[in-house]
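Now for the letters of each chain:
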Amino acid sequence: MKFRRTAAAVCALTLIAVLGPGEETRPADADLELELEVGRTPLVALTFDDGPRKSTTGPLLDGLALREVPATFFLVGDRVPGNEELICRMAAEGHQIGVHTYGHVILSGLSREEFDAQVGRSRELLERVLGEGEFWLRPPYGIVDGQTALWAQSPLILWSVDPEDWRDQDVERIVSQVLAHAGDGDIILMHDIYPSSVEAALEVVDALLERGFCFVTVEQLMAERQIQPEPGRVYRTLPGAES
Ligand code: NI
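The structure displayed is predicted, hence computed values, not measured ones.

Caption draft 1: Fine view of the coordination of the nickel ion. Protein-derived coordination of the nickel ion comes from Asp 50 (OD), His 100 (NE2) and His 104 (NE2), at a distance range of 2.0 to 2.2 Å. The sequence motif formed by the donor residues of the nickel ion is D-x49-H-x3-H. One end of the pair, Asp 50, is in the loop between strand S1 (43-49) and helix H3 (54-67); the other, His 100, is in the loop between strand S3 (96-99) and helix H5 (112-130), with 50 residues separating them in the sequence. Residue Asp 50 is classed as buried on the basis of its relative accessible area of 13%.

Shown next, in the form of structure tokens:
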């Protein structure tokens, strides 16, 4: 297995640096800049939709933990019950968790009541497992209208690299498509419910670590780019100043 320990170790340091206010391990901003070599370390956020699914999300978490790489998971609400342990593990291992509606529906045109049954209910289920949190929203199919975007009361996270991993579930094609397009500040969309996606994602991680990329959650990516997350606003990519 190709795996560059040094790259992962540098990234692990970065992670500690962006844990957030109140963390005792958070170094001074000056230290953070030194570690990141600002403007020189390309950052990328790996994101997973439609899970969790024990048989695939579990092995993915194992692989990410081995590489000390964080990701962002947008969970479907009706998959939360029964997967509480898996979700606690995600949070404990430093991954960001958001919502992807309760029943994987298109948000555009929903009534307020329908919206709350999809997004609010999913957040409530997560709060029961994890305690209070923001749980940012990824709209299924990337479809959202102005009204539902406002109701979200969180940033809406879309993506800039989409290998359509669900389509043929061909590991080699998925990996080469991501590697051909991934650049600094990109948000990569994958789905942790297919064994092929798990395999492809870990190959992508190894290859991008080899290229000197550092993996961060979407929230960390925004913090690194000094972008204040705005409720109701859509984000697809978060490039650095030099990109
Ligand atoms: Ni989806």
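Caption draft 2: The pairing of S3, seen in detail. Residue alternation in S3 divides its side chains into two sets, Gln 96 and Gly 98 and Ile 97 and Val 99, and both sets are buried. As defined by bridge partners, strand S2 (residues 72-75) adjoins S3 across 4 bridges and the pair is classed as parallel. Counterpart to Phe 74 in the pairing with S3 is Gly 98. Chirality of the crossover, the property in question, places the unit of S2, helix H4 (residues 84-92) and S3 among those that are right-handed.

Caption draft 3: Inspection of the side chain of Arg 173 at higher detail. Along the chain, Arg 173 turns up in helix H8 (residues 171-181). Looking at Arg 173, its side chain comes within polar contact range of the main-chain oxygen of Glu 164, at 3.1 Å. Once residues within four sequence positions are removed from consideration, Arg 173 is found in contact with Pro 163, Glu 164, Asp 165, Arg 167 and Asp 168.

Caption draft 4: Highlighting helix H9 (residues 195-210). Between its terminal C-alpha atoms H9 stretches 23 Å, which fits the 22 Å expected from 16 residues at 1.5 Å a residue. Of all 16 residues making up H9, 12 are buried, and the element is well covered by its neighbours. For H9, the set of buried residues is Ser 196, Ser 197, Val 198, Ala 200, Ala 201, Leu 202, Val 204, Val 205, Asp 206, Ala 207, Leu 208 and Leu 209. At the C-terminal side of H9, Gly 212 shows a positive phi close to 95°.

Parameters and conventions
- Residues numbered from 1 in each chain as written.
- Predicted model: local features only at pLDDT ≥ 70, side-chain atom pairs only at ≥ 80, totals over all residues.
- Heavy atoms only, no water.
- Donors = N, O, S within 2.8 Å, 3.2 Å for Na, K, Ca; no water.
- Helix = DSSP H or I, 4+ residues; strand = E, 2+ residues; numbered from the N terminus.
- Buried < 20%, exposed > 50% of the residue type's maximum accessible area, 1.4 Å probe, protein only.
- Pairing = 2+ DSSP bridges.
- Right-handed = clockwise from strand over helix to strand, strands pointing away.
- Polar contact = N/O pair within 3.5 Å; in protein donor to acceptor, adjacent residues only side chain to side chain.
- Contact = heavy atoms within 4.5 Å.
- Expected span 1.5 Å × (residues − 1).

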